[in-house]
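Below are the chains, spelled out letter by letter.
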Amino acid sequence: MELKEKINLEKLPQHIAIIMDGNGRWAKQHGEPRIFGHENGVRSVREVVEAAAELGVKYLTLYAFSTENWNRPQEEVIALMQLLVHTISAETKTLNENKIRLQAIGNLNSLPEDCFNELHDAIEKTKNNERTTLVLALSYSSRWEITNAITNIAKQIEDKTLTSSEITEDIVNANLCTAGIPEPELMIRTSGEHRISNFLLWQLAYSELYFTEKLWPDFRKNDFYEAILDYQNRERRFGKTSEQLNQNNMAGQ
Ligand code: FPP
């Protein structure tokens, strides 16, 4: 039986988030410059986007460039930006053919103009697609996002459109870049690192975390299916006991 067929489509995560890590180490293993790893990472991006759309995963978020990545050597930053621009514009047609909507989260105003324009263009051209939403986290960091949300909320209080006693989790959610996007049930990180690295800190509160040794350029559809199967074998308790969950399940039957 193929791995894909083992997946229970009734228990599919609605939202999967991925920290694509290990491009640099992969390139080093191949005796090539770091950008070679990023270039080969594009194939893995294609594979997981296609796999997510085929299965019917509603949201897929990829951490493509963090706020901290701006501190990398200038030539790597420029090459990575060019790769992003090139990939986004080259893939827009395929996104449309597969009914995939593109969105982006992060400090998008800090992107180079051509990258921002290509991104904006692809978001516009794919905005009516409804099968899967691909969210690219670009110039993104969770602390930046949360700080931004606090500033927005403070402004609303200053403007008297909100009072401090009205602040709820829903208000915080509405002021994050991910407003309207369900929380990821599953977060995957490749390359054997066991960290969250400033990615969706608020949104991952109850997510299942899956770590694999595979370096991102080696990540294929079967690796994605394995992560989903691992998730489906876990019990998500949200702070409750196993017994409480079993009672609720029995009551629902
Ligand atoms: C992390 O590996 C990877 C990145 C910072 C960039 C990911 C970008 C791509 C795969 C390019 C295309 C993406 C899209 C969405 C079109 P690393 O460089 O930190 O690897 P290392 O930890 O081995 O050094």
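Here the structure is a predicted model, which means the values were calculated and not measured.

**Considering helix α4 (residues 74–97)**
Given 3.6 residues to a turn, an α-helix orients residues that are three or four positions apart in the same direction. Its 24 residues give α4 an end-to-end C-alpha distance of 35 Å, which sits within 8% of 34 Å, the value for a rise of 1.5 Å per residue. In α4, a bend of some 45° at E91 exceeds every other bend along the element. All of the buried residues in α4 are E76, V77, L80, M81, L83, L84, V85, T87, I88, E91, T92 and L95. Against α3 (34–55), β2 (59–66), β3 (100–105), α5 (113–125) and β4 (132–140) lie the buried residues of α4. Immediately beyond the C-terminal end of α4, within one or two residues, lies K99, with a positive phi of roughly 60°.

**Here we look at the packing of aromatic side chains**
Applying the stated criterion across every chain, the model contains six aromatic pairs. Each ring, one from F65 and one from W70, has its centre 4.8 Å from the other, and the planes form 70°; the classification is edge-to-face. Here W70 falls in the partly exposed class, since its relative accessible area comes to 26%. Measuring from ring centre to ring centre gives 6.2 Å for Y140 and F199, while their planes differ by 90°; the resulting arrangement is edge-to-face.

**Comments concerning the site of the ligand**
If you check the shell around the ligand, you find 19 residues, and the closest are D21, G24, R25, R34 and R72. D21 is positioned such that a nitrogen or oxygen atom in its side chain is 3.0 Å from an oxygen atom of the ligand. Contact distances for the ligand include 2.7 Å between an oxygen atom and a backbone N or O atom of R25. When the free accessible area of the ligand is taken as 630 Å², the share hidden by the protein chains comes to 92%.

**Considering the packing of α3 against α4**
Taken N-terminus to C-terminus, the directions of α3 and α4 make an angle of 25°; their axes are 10 Å apart at the nearest point. When the interaxial angle is binned, α3 and α4 end up roughly parallel. Crossing handedness for the pair α3 and α4: right-handed. Residues R34, I35, H38, E39, V42 and R46 of α3 touch α4, and the partners they reach there are E76, A79, L80, L83, T87 and E91. Taken together, the residues that form the contact of α3 with α4 break down as five nonpolar, two polar and five charged.

**Quick notes on the pairing of strand β5 (residues 186–189)**
Side chains L186 and I188 project from β5 onto one buried face, and the interleaved M187 and R189 project onto a second face that is buried too. Relative to β5, strand β1 (residues 15–19) runs parallel, the two sharing four bridges. Counted as the bridge partner of I19 is R189 from β5. Alignment of β5 against strand β6 (residues 208–211), held across four bridges, turns out to be parallel. When the sheet's bridge partners are listed, L186 is paired in β6 with E208.

**Regarding the packing of α3 against helix α8 (residues 221–232)**
If you want to describe how two helices pack, look at the angle between their axes and the distance between the axes. Running from N to C, α3 and α8 point in directions that differ by 50°, and their axes come no closer than 9 Å. In terms of their interaxial angle, α3 and α8 are classed as oblique. Between α3 and α8 the crossing geometry is right-handed. Contact with α3, carried on its side by E47, V48, E50, A51, A52, E54 and L55, involves K221, F224, Y225 and I228 of α8 and no other residues of that element. For the contact of α3 with α8, the residue count by class is seven nonpolar, no polar and four charged.

**So, α8**
For α8, with 12 residues, the first-to-last C-alpha span of 17 Å sits near the 16 Å given by 1.5 Å per residue. For α8, the tally of buried residues reaches nine of 12 residues, placing the bulk of the element in the interior. Taken as a whole, α8 has its buried residues at K221, D223, F224, Y225, A227, I228, L229, Y231 and Q232. Looking at the packing, one finds that the buried side of α8 touches α1 (3–6), β1, α3, β2, β5 and β6.

**Some points on the sheet that holds β6**
Strand order in the open sheet formed by six strands is β3-β4-β2-β1-β5-β6, with parallel pairing between adjacent strands. Each having just a single partner strand, β3 and β6 make up the two edges of the open sheet. For this sheet, the mean angle separating the axes of adjacent strands, direction not counted, is 20°. Sheet topology places β1 next to β2; five bridges connect them, and they run parallel. Considered in β2, the bridge of A17 is made with T61.

Conventions used here
Residues numbered from 1 in each chain as written. Predicted model: local features only at pLDDT ≥ 70, side-chain atom pairs only at ≥ 80, totals over all residues. Heavy atoms only, no water. Helix = DSSP H or I, 4+ residues; strand = E, 2+ residues; numbered from the N terminus. Expected span 1.5 Å × (residues − 1). Bend = angle between axes of the 7 residues up to and from the residue. Buried < 20%, exposed > 50% of the residue type's maximum accessible area, 1.4 Å probe, protein only. Contact = heavy atoms within 4.5 Å. Phe/Tyr/Trp six-rings, centres within 6.5 Å; stacked < 30°, edge-to-face > 60°. Near = heavy atom within 4 Å. Polar contact = N/O pair within 3.5 Å; in protein donor to acceptor, adjacent residues only side chain to side chain. Areas by Shrake-Rupley, 256 points an atom, 1.4 Å probe, with all protein chains shown as cover. Axes fitted to C-alpha atoms, helices over the stretch in contact; angles between N-to-C directions. Parallel < 35°, antiparallel > 145°, perpendicular 65-115°, else oblique. Left-handed = near helix turned anticlockwise from the far one by under 90°. Nonpolar A, V, L, I, M, F, W, Y, C, P; charged D, E, K, R; others polar. Pairing = 2+ DSSP bridges.

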